[in-house]
Amino acid sequence: MSGPRTVLRPRRFTLRARLTLVYGAMFLAAGAVLLGLTYILFNARLGAGGTFNSSATEPSAAPAGTPARAPGPGPEPGPEHQRFTESREDVLRDAAGTSLLTQGGIALLVVGAAAAGAGWLVAGRVLAPLHRVTDTARRIADAPAAGRGLHERIALAGPDDEVKELADTFDTMVERLDRSFDGQRRFVANASHELRTPLTLGRALVETAMHRPAASADIRRLGEDLLQINSRHERLISGLLLLASSENEITERHPVDLADIVTHVAAQAVSEAAKAGIEVTVKTAEAWTAGDALLLERLVHNLVENAVRHNSGAGGHVRVTCATGAGGRAELRVANTGPTVPPYEIPALFEPFRRLGADRLVTGGGAGLGLSIVRAVARAHGGDASARPRDGGGLTVTVTLPPDPDAGRYSGQDAGQRVEPAS
């Protein structure tokens, strides 16, 4: 089924990058804690180890020219020597601590960078099955028509973990969808013959009974009523088949000027509108798109027919405008007078068999598929349809369709507006 298309937005920060950042941050935090503990223990060990013996590490400073004395017992070191020794201990302790922090910090950064690189590689290996799932889902979503591409499977091999469970669940879901779409395609292929043939036979039998010489006036009136019911059923079946087929995206596209279709359809609706006393005004300009001309004609026909049928009667009007809008998109807008439409009722009008107010009955003038087919055809062409209430009653329906990239080659006239009133 066609629906709102999912817009893939660019990812600013991938999951792989986030995992790498988490791995690196955790490693650096653990390394910083380890380096801090080492520094504290190192300082504690130096403080508990007593003072340095300067006489063992450095010769005593003596004035120049003083003869050297032989080693042996001498006088006890004085206060100045003690202060010098403590000062040397503090300098050595600070130098050792600073060296530990500096060299340890550099080593931590180097090893942390290596750990982040290893985390990047590991995250890539862990997320590779998820990328495969994503690529398969994207190929199915980008298939040229709904239901196409559902034959693809991930068929992920590997350990029976959470990722494989996700891939297997996805394959099961796609398989069920594939069976469902196959059933829908078979229904659409067979419904035309299976449903229309009994109605055709019934219409032939009724017409035969009506045109018999011995047929009474009551039988002829009954036959006319039966033919009207039969005709309604035929329109209903045709609408259902069209709705089912139009919900598949168009695979073969051809350049179409929507303005030509609008002009043609509006000219056909003039007679019906004139009988009801409704004025139809058409204002068109070139609006090129690419798609199926027959489906687009049905889209325009449903919009104009609904605008005429659900109008306020004599004195009402229908305004149809067609032009190229923002981004080169083809825009069709149909506005009509009529009963007031509550805003909360508008979404339901695009659902099958839904009508406004009391017109929801099956015995209404239409099958209740008009706007459903409009939206389905628009979305099958990559566009959309929306509606809003008019001030004073009635409805304004807007259809937007993507532009034809080769429109310039097919345009045979200026893009100026053509105004064609029809009343």
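Residues numbered from 1 in each chain as written. Predicted model: local features only at pLDDT ≥ 70, side-chain atom pairs only at ≥ 80, totals over all residues. Heavy atoms only, no water.

1. Some remarks on the overall build of the protein
Item 1. Counting its regular elements, the protein contains 10 helices and 8 strands.
Item 2. Within the span of the protein, comprising 423 residues, buried residues form 32% of the whole.
Item 3. Sequence separation of at least 24 residues holds for 73% of the intrachain contacts in the protein that already meet a minimum separation of 6.
Item 4. Working note: accessible area of the protein is about 26000 Å², and carbon and sulfur atoms make up 59% of it. (Helix = DSSP H or I, 4+ residues; strand = E, 2+ residues; numbered from the N terminus. Buried < 20%, exposed > 50% of the residue type's maximum accessible area, 1.4 Å probe, protein only. Contact = heavy atoms within 4.5 Å. Areas by Shrake-Rupley, 256 points an atom, 1.4 Å probe, with all protein chains shown as cover.)

2. Considering the pairing of strand β2 (residues 279-284)
Look at any regular strand and the pattern is simple: side chains alternate between the two faces of the sheet.
Item 1. Alternating residues of β2 divide into Val-280, Val-282 and Thr-284, all buried, and Glu-279, Thr-281 and Lys-283, none buried.
Item 2. Across 6 bridges, the pairing between β2 and strand β4 (residues 317-324) is parallel. Bridging from a neighbouring strand, Thr-284 pairs with Cys-322 of β4. (Pairing = 2+ DSSP bridges.)

3. What about the side chain of Thr-396?
Item 1. Position of Thr-396 among the secondary structure elements: in strand β7 (residues 395-401).
Item 2. Owing to a relative accessible area of 4%, Thr-396 belongs among the buried residues under this scheme.
Item 3. Beyond its immediate chain neighbours, meaning those up to four positions away, Thr-396 contacts Arg-333, Val-334, Ala-335, Ser-386, Ala-387, Arg-388 and Arg-390.

4. Some points on the packing of helix α6 (residues 258-275) against helix α7 (residues 293-309)
Think of two packed helices as two axes; the pair is described by the angle between the axes and how far apart they sit.
Item 1. Their axes nearest at 9 Å, the elements α6 and α7 cross at an angle of 40 degrees. Handedness of the crossing formed by α6 with α7: right-handed. Here α6 contributes Leu-258, Ile-261, Val-262, His-264, Val-265, Ala-269, Glu-272 and Ala-273 to the contact with α7, which in turn contributes Ala-293, Leu-296, Glu-297, Val-300, His-301, Val-304 and Val-308.
Item 2. Within the contact of α6 with α7, the residues separate by chemical class into 11 nonpolar, 2 polar and 2 charged. (Axes fitted to C-alpha atoms, helices over the stretch in contact; angles between N-to-C directions. Left-handed = near helix turned anticlockwise from the far one by under 90°. Nonpolar A, V, L, I, M, F, W, Y, C, P; charged D, E, K, R; others polar.)

5. Some remarks on a negative patch on the surface
Item 1. On the surface, Asp-160, Asp-161, Glu-162 and Glu-165 cluster together into a patch of negative charge.
Item 2. By the secondary structure assignment, Glu-162 is in helix α4 (residues 162-210).
Item 3. Glu-162 gets classed as exposed once you look at its relative accessible area, which sits at 63%. (Patch = residues over 30% accessible without salt bridge, like charges linked within 9 Å, V, L, I, M, F, W, Y side chains within 5 Å. Salt bridge = Lys/Arg side-chain N within 4 Å of Asp/Glu carboxyl O. Lys, Arg positive; Asp, Glu negative; His and termini not counted. Charge placed at Lys NZ, Arg CZ, Asp CG, Glu CD.)

6. Regarding the packing of aromatic side chains
Item 1. Tallied over the full model, the rule gives 0 aromatic pairs.
Item 2. In this structure, Arg-375 is placed above the aromatic ring of Phe-350, and the distance from its NZ or CZ to the ring centre is 3.9 Å. (Phe/Tyr/Trp six-rings, centres within 6.5 Å; stacked < 30°, edge-to-face > 60°. Lys NZ or Arg CZ within 6 Å of the ring centre and 35° of its normal.)

7. Section: the pattern of salt bridges
Item 1. Tallied over the full model, the rule gives 8 salt bridges.
Item 2. The partner of Arg-375 in a salt bridge is Asp-384, and the shortest N-O contact between them spans 4.0 Å.
Item 3. Since its relative accessible area comes to 21%, Arg-375 is described here as partly exposed.
Item 4. The class for Asp-384 is partly exposed, based on a relative accessible area of 33%.

8. Things to note about α7
The α-helix winds at 3.6 residues per turn, so residues separated by three or four positions along the chain end up facing the same way.
Item 1. The end-to-end C-alpha separation of α7 is 24 Å, in line with the 24 Å expected for 17 residues at 1.5 Å each.
Item 2. The distance from a side-chain oxygen at the start of α7 to the backbone nitrogen of Leu-294 is 2.9 Å, and the residue carrying that oxygen is Asp-292. (Expected span 1.5 Å × (residues − 1). Polar contact = N/O pair within 3.5 Å; in protein donor to acceptor, adjacent residues only side chain to side chain.)

9. Quick word on the side chain of Thr-136
Item 1. With respect to the element layout, Thr-136 can be found in helix α3 (residues 79-141).
Item 2. Polar side-chain contacts of Thr-136 include one of 3.0 Å to the backbone oxygen of Arg-132.
Item 3. Look past the residues within four positions of Thr-136 in its chain and what remains in contact with it is Glu-152, Arg-153, Ile-154 and Phe-170.

10. Examining the environment of Ser-372
Item 1. Within the secondary structure, Ser-372 sits in helix α9 (residues 370-380).
Item 2. For Ser-372, a relative accessible area of 5% gives the class buried.
Item 3. For Ser-372 and Pro-352, which are 20 residues apart along the polypeptide, the C-alpha to C-alpha distance reads 5.6 Å.
Item 4. Within the structure, the side chain of Ser-372 is placed 3.1 Å from the backbone oxygen of Phe-350, a separation counted as a polar contact.

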